[in-house]
Amino acid sequence: MRASSPQTVGILGAGQLGMMLAEAAHALGLRALTFAPEDDAPADRVANGRIRAGYDDNEALARFAAQIDVATLEFENIPVSALTRLAAQKLVFPGQQALFVAQHRLREKTFLAGHGFPLTPFLPVGAPDELPCAFATLGGDACILKTAAFGYDGKGQYPVSDAAQAEALMRSLSQATCVDRGPWVLERRVDFMAECSMIAARRVIPGQDACDITHFGLIENHHRAGILDWSMSPALSLADLEETAAKLTGDLMAALDYTGILCVELFVTRDRRLLINEIAPRVHNSGHLTREGFVDSQFACHLQAGCGLAFGPVVRRAPAAAMVNLLGDLWFAGANAAPQEPDWTALKAFPDAALTLYGKPEARSGRKMGHLVVTGEHPHACVAQALAAREALTATAATAASQSRCP
Ligand code: AMP
């Protein structure tokens, strides 16, 4: 049953996505309560409170349910059982089916292929000794092996380019010391010309058996070492593909009976076809630029969709926006052994760059610590500004380190 005008949104997870969801909740006049097991989490600085417990703690989940009006999630590795428990008492969006499908690559690809969505060819690999045969079946070159569960930001991925590599990988995955346990998915590497995402929100129209969908247009994404490096909106060079991407995303949301924000990550092939890489049943890193670039961000749209609030269409605040991620590596830019806080005053030379830090207690290589968003007239100019601002932060860190080494 749909709750009307909920006062408190429950958020499973308390990372940076939870933090930005909680901020958006406050801006919409809602309270935000999070639920997560870790010690010190980004959303703690913003949310009205947190139940600190494991996702399998049924007593804590019951206490959480008693204090919220609706529940949502900020990452897909929440056990489906936690959602099912909450759904018995409160509206949960998106529902268990979307989470169940999206948290396991093999299930996701099987679901997508079964519903006719375009994907790169793939095969399941249940055990390491199945790898050589699967590799040969997929053509015997240019493949990637990915763990089916708990893989993100390029983690748990292995390129496989020839039969010898497939055999060697099979041997190393078979060893008792290997932490990566199957099952895996082997997929053909896509020789893409671009990567992009379609972030859309869907809501059930109250009192009607119909749905509304709104979307942010195609966002172009660039990855480095499997991690999102920067995003740009609008994706001008992909404008001709936007309608197809929106239709595909709408069809997928209908197939999943979806409420809230869904992100569909896409490859654009050299002959301009769209292939789905993966889906995220939540707000997404590539949509951070919607906070400064649009009147209602992806975070606001997600809550509006799930909480029965005024919804869509999305409206731009500025013609263009770009985001660059700030990884923990920036804290080590000076090549000192100890991490060093970047000199944020360097950003004063970039008045169009908005900084968001997640307040994570420890910087680590590859860890997302914050991001910069630049809005402006042209997407490429926004990207150039955002990259220059990040470069200035890197340069000041290097200078500070060399000065600290001077006698
Ligand atoms: P994923 O964690 O699966 O989203 O992968 C992270 C990044 O690795 C993607 O955004 C791509 O840049 C790259 N990647 C993953 N799968 C493939 C593929 N089949 N072909 C080419 N690049 C890929």
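In what follows, the accompanying structure is described. (Residues numbered from 1 in each chain as written. Predicted model: local features only at pLDDT ≥ 70, side-chain atom pairs only at ≥ 80, totals over all residues. Heavy atoms only, no water.)

## Some thoughts on the overall build of the protein
Then, in step 1: For the protein, the helix and strand inventory stands at 11 helices and 17 strands.
Then, in step 2: Since a compact globule built from 407 residues should have a radius of gyration of about 22 Å, the 22 Å found for the protein is in line with a globular shape.
Then, in step 3: Counting only C-alpha atoms, the protein reaches 60 × 60 × 45 Å along its principal axes.
Then, in step 4: At a minimum sequence separation of 6, the contacts of the protein that also span at least 24 residues come to 64%.
Then, in step 5: Put simply, the protein shows about 17,000 Å² of open surface, and 54% of that area lies on carbon and sulfur atoms.
Then, in step 6: Once the 35 positive and 43 negative side-chain charges of the protein are each reduced to a mean point, those two points are 2 Å apart. (Helix = DSSP H or I, 4+ residues; strand = E, 2+ residues; numbered from the N terminus. Rg over C-alpha atoms; globule rule 2.2 N^0.38 Å. Contact = heavy atoms within 4.5 Å. Areas by Shrake-Rupley, 256 points an atom, 1.4 Å probe, with all protein chains shown as cover. Lys, Arg positive; Asp, Glu negative; His and termini not counted. Charge placed at Lys NZ, Arg CZ, Asp CG, Glu CD.)

## Thoughts on the site of the ligand
Then, in step 1: Around the ligand lies a shell of 17 residues, among which K146, E187, V190, E195 and E278 are the nearest.
Then, in step 2: Residue R105 places a side-chain N or O atom 3.1 Å away from an oxygen atom belonging to the ligand.
Then, in step 3: At 3.2 Å from an oxygen atom of the ligand is found a side-chain nitrogen or oxygen belonging to H223.
Then, in step 4: When the ligand is considered free in solution it has 470 Å² of accessible area, and contact with the protein chains removes 91% of it.
Then, in step 5: For the shell around the ligand, the elements supplying multiple residues, two or more each, are β7 (143-147), β9 (184-188), β10 (192-204), β13 (260-269) and β14 (274-280).
Then, in step 6: In the shell around the ligand, the residues fall into 4 nonpolar, 5 polar and 8 charged. (Near = heavy atom within 4 Å. Polar contact = N/O pair within 3.5 Å; in protein donor to acceptor, adjacent residues only side chain to side chain. Nonpolar A, V, L, I, M, F, W, Y, C, P; charged D, E, K, R; others polar.)

## Points about the side chain of E195
Then, in step 1: Here E195 is to be found in strand β10.
Then, in step 2: There is no salt bridge for the buried E195, and the closest opposite charge comes from K146, which lies 8.2 Å off by N-O distance.
Then, in step 3: Within the structure, the side chain of E195 is placed 3.0 Å from the side chain of H223, a separation counted as a polar contact.
Then, in step 4: Apart from the residues lying within four places of it in its own chain, the contact partners of E195 are I219, E220, N221, H223, L266 and F267. (Buried < 20%, exposed > 50% of the residue type's maximum accessible area, 1.4 Å probe, protein only. Salt bridge = Lys/Arg side-chain N within 4 Å of Asp/Glu carboxyl O.)

## Section: the sheet that holds β14
Then, in step 1: Pairing in this open sheet of 8 strands is antiparallel, and the strands run β14-β13-β10-β11-β12-β15-β17-β16 from one edge to the other. Each end of this open sheet is capped by a strand with a single partner; those strands are β14 and β16 (353-357). Strand-to-strand twist in this sheet, taken as the mean axis angle between neighbours without regard to direction, amounts to 25°.
Then, in step 2: Strand direction decides the pairing type here: β16 and strand β17 (residues 368-376), joined by 5 bridges, are antiparallel. Across the sheet, residue L355 finds its bridge partner in β17, namely L372. (Pairing = 2+ DSSP bridges. Axes fitted to C-alpha atoms, helices over the stretch in contact; angles between N-to-C directions.)

## Some details on the packing of helix α2 (residues 58-67) against helix α3 (residues 80-87)
Then, in step 1: For the pair α2 and α3, the least separation of the axes is 10 Å and the interaxial angle reads 45°. The angle between α2 and α3 places the two elements in the oblique class. Considering how the two elements wind past one another, α2 and α3 form a crossing that is right-handed. Seen from α2, the contacting residues are N58, L61, F64 and A65; seen from α3, they are A82, R85 and L86.
Then, in step 2: In terms of residue class, the contact of α2 with α3 is made up of 5 nonpolar, 1 polar and 1 charged. (Parallel < 35°, antiparallel > 145°, perpendicular 65-115°, else oblique. Left-handed = near helix turned anticlockwise from the far one by under 90°.)

## As for the environment of A71
Then, in step 1: As for its placement among the helices and strands, A71 is situated in strand β4 (residues 70-73).
Then, in step 2: According to the relative accessible area criterion, A71 is buried, its value standing at 0%.
Then, in step 3: Spatially, the C-alpha atom of A71 lies 17 Å from that of V46, the residues being 25 residues apart in sequence.
Then, in step 4: Setting aside residues up to four positions removed in sequence, A71 forms contacts with G10, L86, L91, V92 and F93.

## Here we look at the environment of I51
Then, in step 1: Following the sequence through the fold, I51 ends up in strand β3 (residues 49-52).
Then, in step 2: Relative accessible area serves as the criterion here: at 5%, I51 is assigned to the buried category.
Then, in step 3: Taking the C-alpha atoms as reference points, I51 and P206, separated by 155 residues in sequence, lie 30 Å from one another.
Then, in step 4: In contact with I51, other than residues within four places in its own chain, are T34, F35, A36, A60, R63, F64 and Q67.

## Description of the nonpolar core
Then, in step 1: Counting 61 residues, the largest nonpolar core has L12, F35, F64 and L86 as its most contacted members.
Then, in step 2: It is helix α1 (residues 16-27) that contributes the most residues to this core, 7 residues altogether.
Then, in step 3: Not counting residues up to four positions away in its chain, the partners in contact with L12 are F35, Y55, L61, F64, T72, L73, E74, F75, I78, L83 and L86.
Then, in step 4: Of all hydrophobic cores here, the second largest spans 32 residues; its members include M198, L238, A245 and L256. (Core = buried A, V, L, I, M, F, W, Y, C linked by side-chain atoms within 4.5 Å.)

## Section: the state of the cysteines
Then, in step 1: Enumeration according to the criterion identifies 0 disulfides in this entry.
Then, in step 2: This cysteine, C196, is not joined by any disulfide, and C263 carries the nearest cysteine sulfur, 9.6 Å off.
Then, in step 3: On the basis of relative accessible area, C196 is assigned to the buried category, the value being 1%.
Then, in step 4: There is no disulfide at C382, and the cysteine sulfur nearest it, in C196, is 18 Å away. (Disulfide = S-S within 2.5 Å.)

Such coordinate-based values are descriptive only and should not be taken to indicate function.
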